[in-house]
Amino acid sequence: MSTAAPAPPRPRFDPFRWVLEHPGIVDTVIFGAATFFLLVPGLLTWTFEPWWFFSLPMIAAGSLGRVRPGLCALIVGILAVLHFAVGQQVILGDAMIFYALYCTVAHARVAVARTALGAALFGALLQALAVGALAQTGVGDVPSRVAAFVTSGSVTFFVGVMVVMGTWAIGKYQHARIDQVRLARERAEQAEREREQRAALAVADERARIAREMHDVVAHSLSVIIAQADGGRFIASQDPAKAVAVLETIGTTGRSALADMRSLLGVLRHDEESSFGPQPDLTALPELLDRVRATGLRVDAHVTGDLGGLPQATGLSLFRLVQEALTNVLKHAGEHASAAVRVQRDDAGILVEILDDGQGIDPSSDGQGHGLTGMRERIGLLGGTLLAGPLPAGGFRVSARVPLAGSAGAAAPRPAGQITAPEPAAPVPAATETAAPVPAAPVPAAPEHADQDRAFDPRALPAPASPQPAPQPSPSSDPASRL
């Protein structure tokens, strides 16, 4: 019986964080309570002071300071002008002028903040004029009244300007802090999105890699097994001994494919008991050629240079390239076709070339398979070049050159699928220009390869059909002796 996954723990309530995230509710409670406590004495005694009609709305408007700073400043400013106009110069609610200015500078747009600053300075000027007019009352001569007006008005205006500018500076500091917090939050969210995108890309790349590996392993192994099974069906009635050998080849190929798949899918498991076998590379090329030859396909191999010591990714990708190319020969080249594999390692890198003299492109194929796509992706990730296509006179060619680290021709890896044409400097057999189909000849199910090490020479193939008599067989022209 399966048990449901435990629910994630609920985050612990943080009152300080809640206060920061709900400024409107907090300000409504604070300024609403202040308004109520100022109103209670009048309700109890049923006596109302004139300044209440201005101070209480100004204090209540403070609840909008952080959520609607522009509206808060507008309400407070209108009430301040009204109480000044009716002769009440200073009331309790005037303290909200500085709070409204602070909220506007800290939370509103720049234009609104500048408007509020100008209104506050104008209010300081009005207060200075009112204080100066009050100071000259009762003074006898005109010079004394002027001196009292100027002195009192100047001091009041200076103090008012200092308080207004101090409030503006505090608001600017808070505005800068809010911007820093916002930018830090945006950076954190952007970093989280990028981390998720990188994880998604890594998953996609891993899926593509696994798909390529599965395609190469399954397609090659099934092609060999199918070819062996078809041949064994005809051999069983004629030569049971050879049928046993065919069945042994099928079993060996199936076990090898199973081991490759187990090694590939083992990375998806987290069991400590899982054992991962070594990945194949070009040093395993002889075993691969033996399996293909066991199907009846004639394969000639020519290796130049040391294939050991290659980077693991390079060796595996090139091995899969040869495997996929030979699989395509088995599937599409047709009967009586032969193939040649050439591997050349030099100071500039490593060249792998697979040619066949079959029918080229299978007419029944739509060309949308995953084999060539996987080849392009593999070679593109290694920074190499790939050329794949039919030959003019028949057959198919797959050629890849990969630079090795530290070599003169090494290049930075390109994204998968970005393929450029190979340089013409790489030697290519003349089959790209003059090759003709191999003469139809019976191919044994499991031929002997006494002279496998001889190079595949498509120039030795017969010329296109003409009225002249066929040439005499020779060691270089006889199809049987080529392989």
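A. How the structure looks around the overall build of the protein chain. Regarding its fold elements, the protein chain presents 13 helices and five strands. Out of the 483 residues belonging to the protein chain, those deemed buried represent 34%. Long-range contacts, defined as pairs at least 24 residues apart, comprise 74% of the intrachain contacts of the protein chain with a sequence gap of at least 6. Total accessible area on the protein chain is roughly 28,300 Å²; 64% of this is exposed by carbon and sulfur atoms.

B. Spotlight on helix α2 (residues 23-45). With 23 residues, α2 should reach 33 Å at 1.5 Å per residue; the first-to-last C-alpha distance of 34 Å fits that figure. Of all the bends in α2, the largest measures some 30° and sits at Leu 39, one to four residues before the proline Pro 41. Residues of α2 that are buried include every one of Val 26, Asp 27, Phe 31, Thr 35 and Gly 42, and no others. The elements touched by buried residues of α2 are α1 (15-21), α3 (52-60) and α5 (95-107). Phi turns positive, to about 60°, at Trp 46, one or two residues after α2.

C. Local environment of the confidence of the model for the protein chain. Within the protein chain, residue pLDDT values average 75, and 74% of them lie at 70 or more. Element-level pLDDT for the protein chain is lowest in helix α13 (residues 479-482), with a mean of 33, against a maximum mean of 93 in strand β3 (residues 349-356). Across residues 270-276, where pLDDT falls below 50, the model places four contacts with residues more than four positions away in sequence or in other chains. Note on residues 411-483: pLDDT is under 50 here. Beyond four places in sequence and across chains, it has 123 contacts.

D. Quick look at the packing of aromatic side chains. Scanning the entire structure with this criterion turns up three aromatic pairs. Aromatic side chains Tyr 99 and Tyr 102 sit 6.5 Å apart centroid to centroid with 35° between the ring planes, which places their arrangement in the tilted category. Of this pair, Tyr 99 and Tyr 102 both sit in helix α5, three residues apart, roughly one helical turn. Members of the aromatic cluster, each reached through a chain of ring pairs, are Phe 31, Tyr 99 and Tyr 102.

E. Structural view of α3. Of all the positions in α3, only Trp 52, Phe 54, Ser 55, Leu 56, Met 58 and Ile 59 are classed as buried. Packing partners of the buried residues in α3 comprise α2, α4 (69-85) and α5.

F. View of the packing of helix α10 (residues 312-332) against helix α11 (residues 371-381). Here α10 crosses α11 at 160°, and the two axes come no closer than 10 Å. It follows from the interaxial angle that α10 and α11 lie roughly antiparallel. Taken as a pair, α10 and α11 cross one another with a handedness that is left-handed. In this structure, α10 contributes Ser 317, Leu 318, Arg 320, Leu 321, Glu 324, Ala 325 and Asn 328 to the contact, and α11 contributes Gly 371, Met 375, Arg 378 and Ile 379.

G. Structural detail: the sheet that holds strand β4 (residues 385-390). The mixed open sheet is built from five strands, whose spatial order is β1-β2-β3-β5-β4. What marks the edges here is a single partner per strand, and that holds for β1 (298-304) and β4. Neighbour to neighbour, the strand axes of the sheet diverge by 5° on average, direction disregarded. The pairing of β1 with strand β2 (residues 338-346) spans seven bridges and is parallel. When the sheet's bridge partners are listed, Ala 301 is paired in β2 with Val 341. Here α10 sits on the sheet and contacts β2, β3, β4 and β5 (396-402); the angle it forms with β3, its principal contact strand, is near 10°. Here α11 sits on the sheet in contact with β4 and β5, set at roughly 160° to β4.

Parameters and conventions
Residues numbered from 1 in each chain as written. Predicted model: local features only at pLDDT ≥ 70, side-chain atom pairs only at ≥ 80, totals over all residues. Heavy atoms only, no water. Helix = DSSP H or I, 4+ residues; strand = E, 2+ residues; numbered from the N terminus. Buried < 20%, exposed > 50% of the residue type's maximum accessible area, 1.4 Å probe, protein only. Contact = heavy atoms within 4.5 Å. Areas by Shrake-Rupley, 256 points an atom, 1.4 Å probe, with all protein chains shown as cover. Expected span 1.5 Å × (residues − 1). Bend = angle between axes of the 7 residues up to and from the residue. pLDDT = per-residue confidence, 0-100. Phe/Tyr/Trp six-rings, centres within 6.5 Å; stacked < 30°, edge-to-face > 60°. Axes fitted to C-alpha atoms, helices over the stretch in contact; angles between N-to-C directions. Parallel < 35°, antiparallel > 145°, perpendicular 65-115°, else oblique. Left-handed = near helix turned anticlockwise from the far one by under 90°. Pairing = 2+ DSSP bridges.

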